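Residue-level structural notes
Residue strings, one per chain:
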Amino acid sequence: MTKIFNDPSEFAEEALAGFCDVHSDLVRQVPGGAVRRYRPAQPKVAVLAGGGSGHYPAFAGLIGTGFADGAVVGNIFTSPSAQQAYAVAKAADSGAGVVFTYGNYAGDVMNFGMASERLAAEGIAVENVLVTDDIASAPPSESAKRRGIAGDFTVFKVMGAAAENGAGLAEVVRLGRKANDLTRTIGSAFAGCTFPGAEAPLFTLPKGQMGLGLGIHGEPGLHDTDLPSAEELGQELVSRVLSETPVNAGKRIAVLLNGLGSTKHEELFVLWGTVAPLLRAAGYTLVMPEVGELVTSLDMAGVSLTVTWLDEELEPLWTAPAETPAYRRGNAARDAGALSGEEASDGGAAVAAFVATDASRGYAAACVAAIQAAQASLHEAEERLGRMDAIAGDGDHGRGMVRGVDAATAAAAAALGDGAGAGDVLAAAGDAWADKAGGTSGVLWGAGLRAFGETVGNTTAPEGAVLAAAVTAFADRIVQLGKAEIGDKTMVDALLPFASAFSREVANGVSPIRAWETAARESAAAAEATADLLPLKGRARPLAEKSLGTPDPGATSLAMVFAVMGAHFTARTTVAQTGAKS
Ligand code: ADP
Ligand code: MG
């Protein structure tokens, strides 16, 4: 249990602030995360690690000479937003380009991808390196779908050392991808982890059982086995990792035996006593192995074993000196030179004056009411959505939706107060949602709301056909970003039925309010029906079977929110052909 906290929803921010204070000689807090205290004397590639909080020392603890230049820090187990990634990149860029590197999770891929688009549009060279080391999360034939877990550490270390040596962006990326291709991890858990303030752990294991193949976000193990002895556990981990030895791999390896949060070092040393001899017996030389907490999962009890097969390029990067708050190796020359500016950009655009008609401002007030209605029902459903997400995902869906909708409500009300029309109000709501919710659903909801607003515009209260086009734009944007199809067991399974039913009804001359009601009913039924599906996208995919019988949380919340928003969105709209008021 996490026992020290104030407001649980502020835990990640407060932890980051405390971390940056105590390590102020090495790091500096910036909007979205943290960067090195000192700017490099010469332009160098900025290696920016990222992901949710709850994994310390990953990722902010690894900022420093020979390692990361900055970290983008999301809420607990939640992807940071695109805005955060952008802001940290702006603060860290010294003119030689930036590379985002992170574990392969849909939310992170989308958020770092959107930040990359924005940076590239400003002329900043930017690349992304994904870590996919978790052999339990997909078969070798689908290795690109694998999650990133403790292998983050070796891959980031290699990239950080390469950048420190002056390698250019393409070279840092090439070496990072090579390290990832040669890295394999398997984990196991003995007890689940608990969110600050939560009543119960994200998952539990029966007494005397171990979950093999756990994720680092509380995703339960792929299958449970009887708790083995340390020796049996060591054999299991080693044989699983070595069964995936890369082709043409050499005999020198970097090894991490990683504690997940509440496993004592002494226990890890006992396990190492089995692991190291087995690896040596297999003919390997262990190069600067690490035993300790490197990539954790709140207070989870568990361990993971990572092997990175080294070659003549990777070994010197793995062994190169580093000095970071959480990790020191060798004698790294401390960063010196100019303090990095305190005036970090928050990445925000200057506030534009809003141009809108009175009709659109009137409709904007209805949009704010729609978002407030969503806020009320999401607060009410927060716990239930979290429980649904915990079955095969990471349990954060309720909290993420609440954070998103709270931010959206505040931003929408502020924009309305500043005279914005409906399009700008919805766009502001969407941007705030994506920024504060993090997570896969957060970035999709945010981008969808913005697209809805862009279609509605700032000149009229939309009639039925425009509203249908706005709903379609919402759906299109989500499909475009998330690439999920009907049947993948995601929010798309509730969204596309809604969009097609609403367009169909409106085209048939049904009033928008009635069309919305029909669409919401069909969407709710479709959300319910996802209980029978196996998830093919998102965090729940590796545990597909466990989710059978439970509807998809994102589809459930979408159907629910759309249902309560309808009365507001359609209140001021008309049917163009007849002019009839509904
Ligand atoms: P995360 O998965 O990052 O923890 P949430 O828990 O907030 O984010 O949201 C989970 C929901 O996101 C899932 O239930 C699913 O509906 C939706 N989702 C996941 N991946 C995708 C995707 N690629 N496209 C559309 N929706 C997705
Ligand atoms: Mg989740």
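Cut-offs and rules
Every residue gets a number counted from 1 within its own chain, in the order that chain's sequence is written. Lettering for chains starts from A, numbering for ligands starts from 1, and both go in the order in which the items are written. Note on the predicted model: pLDDT of at least 70 is required for a residue's local features to be given, and 80 or more for side-chain atom pairs to be given and counted; whole-chain, interface and lining totals, by contrast, use all residues. The side-chain quantities take in all heavy atoms of the structure and omit both hydrogens and water. Buried means the residue's accessible area, taken with a 1.4 Å probe over protein chains only, is under 20% of the maximum for its type, while exposed means over 50%, and partly exposed covers the values in between. Numbering of helices and strands starts at the N terminus; helices are DSSP runs of H or I of at least 4 residues and strands are runs of E of at least 2. Strand pairing is assigned whenever DSSP detects at least two bridges linking the two strands. The nonpolar core is taken to be a set of buried Ala, Val, Leu, Ile, Met, Phe, Trp, Tyr and Cys residues, with the residues joined through side-chain atoms within 4.5 Å. We call two residues in contact whenever any of their non-hydrogen atoms come within 4.5 Å of each other. By definition, a salt bridge exists where a carboxyl oxygen of Asp or Glu is found within 4 Å of a side-chain nitrogen of Lys or Arg. Throughout, the term near means that a residue has one or more heavy atoms lying within 4 Å of the molecule or strand in question. Nitrogen and oxygen atoms within 3.5 Å of one another constitute a polar contact, given that in protein one can donate a hydrogen and the other can accept it, and given that sequence-neighbouring residues count only through two side-chain atoms. Accessible surface is estimated by sampling points in the Shrake-Rupley manner with a 1.4 Å probe; for residues, cover comes only from the protein chains shown. Boundary definitions for the domains trace back to an automatic or database domain assignment. By convention, the term buried area covers the 1.4 Å-probe accessible surface removed from two parts as they join, with the contributions of both added. Helix axes are fitted to C-alpha atoms over the stretch in contact, other axes to C-alpha atoms as well, and angles between N-to-C directions run from 0 to 180 degrees. Note on terminology: angles under 35 degrees are roughly parallel, angles over 145 are roughly antiparallel, angles of 65 to 115 are roughly perpendicular, and the others are oblique. Should the near helix be turned counterclockwise from the far one by less than a right angle, the crossing is left-handed, whereas a clockwise turn marks it as right-handed. Only Asp, Glu, Lys and Arg are considered charged in this grouping, and only Ala, Val, Leu, Ile, Met, Phe, Trp, Tyr, Cys and Pro are considered nonpolar; every other residue, Gly among them, is considered polar. A cavity, in this analysis, means grid points on a 1 Å lattice covering only the protein atoms where a 1.4 Å probe fits yet has no way out; a pocket is instead an open set bounded by protein on both sides within 12 Å along at least five of seven lines, and a residue lines either one if it has an atom within 4 Å of a point. Grid points are joined across faces, edges and corners, and a volume is the space filled by probe spheres set on the points. The length a helix should cover is 1.5 Å for every residue beyond the first. Donors, by definition, are the N, O and S atoms found within 2.8 Å of a metal, the threshold being 3.2 Å for Na, K and Ca, and water is not counted, so a site can look incomplete.

Observations concerning the pairing of strand E13 (residues 301-309)
Counting buried residues in E13 gives nine out of nine residues, a clear majority hidden from the surface. The pairing of strand E7 (residues 183-191) with E13 spans eight bridges and is antiparallel. Looking at the pairing, threonine 185 lines up with threonine 306 of E13. Looking at chain direction, strand E10 (residues 252-259) and E13 are connected through seven bridges and run antiparallel. Paired with glycine 259 across the strands is valine 303, a residue of E13.

Structural notes on the nonpolar core
A general trend in soluble globular proteins is that nonpolar side chains are found buried together. Counting 90 residues, the largest nonpolar core has Val99, Phe153, Val172, Ile253, Trp272, Leu286 and Leu305 as the members making the most contacts within it. Not counting chain neighbours up to four residues away, the residues in contact with valine 99 comprise Val45, Ala46, Val47, Leu48, Glu127, Asn128, Val129, Met159, Leu169, Val172 and Val173. Val35, Phe452, Phe498 and Ala555 belong to the second largest nonpolar core, which has 85 residues in total.

Thoughts on the pattern of salt bridges
When the charged atoms of two side chains with opposite charge come close together, those side chains can pair. Applying the stated criterion to the full structure yields 27 salt bridges. Notably, a salt bridge pairs aspartate 69 with lysine 44, separated by 2.7 Å at the nearest N-O pair. Taken as a pair, aspartate 69 in the loop between strand E3 (46-53) and strand E4 (70-76) and lysine 44 in the loop between strand E2 (33-36) and E3 lie far apart in primary sequence, 25 residues in all. The class for aspartate 69 is buried, based on a relative accessible area of 7%. Between arginine 387 and glutamate 383 there is a salt bridge, with the nearest N and O atoms lying 3.7 Å from each other. On the criterion of helical spacing, the pair formed by arginine 387 and glutamate 383 is a turn pair, its members being four residues apart in helix H9 (residues 358-392). For glutamate 383, a relative accessible area of 60% puts it in the exposed group. Sharing partners across several salt bridges, the network here consists of Glu171, Arg174, Lys178, Asp311 and Glu313.

Brief notes about the site of ligand 1
Lining the immediate surroundings of ligand 1 are 19 residues, of which Thr440, Ser441, Gly482, Met491 and Asp552 lie closest. Within the side chain of aspartate 394, an N or O atom sits 2.9 Å from an oxygen atom of ligand 1. Here ligand 1 loses 96% of its free accessible area of 570 Å² to cover by the protein chains. Of all the secondary structure elements, the ones that give two or more residues to the shell around ligand 1 are helix H12 (439-456) and helix H16 (553-569).

Description of the domain arrangement of the protein
Structurally, the protein comprises domain 1 (8-329) and domain 2 (358-569). Computed over C-alpha atoms only, the centres of domain 1 and domain 2 are separated by 32 Å. Domain 1 puts 28 residues into the contact, and the matching count from domain 2 is 24 residues. Around 2,200 Å² of area is buried between domain 1 and domain 2 when both sides are counted, 55% of it from carbon and sulfur atoms. At the surface where domain 1 touches domain 2, the tally comes to one salt bridge. One salt bridge connects arginine 403 with glutamate 13, and the closest N-O pair in it is separated by 3.4 Å.

Description of the packing of helix H14 (residues 492-507) against helix H15 (residues 512-529)
When two helices pack together, their arrangement is given by the angle between the helix axes and the distance between those axes. Relative orientation of the contacting elements H14 and H15 amounts to 155°, with a least axis distance of 8 Å. Here H14 is positioned roughly antiparallel relative to H15, judged by the angle of their axes. Like other packed secondary-structure pairs, H14 and H15 cross with a definite hand, here right-handed. Facing Asp493, Ala494, Pro497, Phe498, Ala501, Phe502, Arg504, Glu505 and Val506 of H14, the residues of H15 in contact are Pro512, Ala515, Trp516, Thr518, Ala519, Ala520, Glu522, Ser523, Ala526 and Ala527. Here the residues of the contact of H14 with H15 sort into 13 nonpolar, two polar and four charged.

Focus: empty space enclosed by the protein
Within the structure shown, the criterion is met by five cavities of 30 Å³ or more. Here the largest cavity defines a volume of roughly 100 Å³. Along the wall of the largest cavity there are 17 residues; nearest its centre are Gly51, Gly52, Tyr105, Asp108 and His217. Counting only elements with at least two residues in the lining of the largest cavity, the list comes to E3 and strand E5 (98-103). Broken down by element, the lining of the largest cavity gets its largest block of residues, three residues, from E3. Looking at side-chain class alone, the lining of the largest cavity contains five nonpolar, nine polar and three charged residues.

Quick look at H14
An α-helix turns once every 3.6 residues. As a result, residues three or four positions apart point the same way. For H14, with 16 residues, the first-to-last C-alpha span of 22 Å sits near the 22 Å given by 1.5 Å per residue. Taken together, the buried positions of H14 are Val492, Asp493, Ala494, Leu495, Pro497, Phe498, Ala499, Ala501, Phe502, Glu505 and Val506. Looking one or two places after H14, you find glycine 509, whose phi comes out positive at around 85°.

Topic: the coordination of the magnesium ion (ligand 2)
Coordination of the magnesium ion (ligand 2) by the protein comes from Asp389 (OD), Asp394 (OD) and Asp396 (OD), over a distance range of 2.0 to 2.3 Å. Each donor residue of the magnesium ion (ligand 2) belongs to the same chain, with the gaps between them written as D-x4-D-x1-D. You can call aspartate 389 buried: its relative accessible area is 11%.

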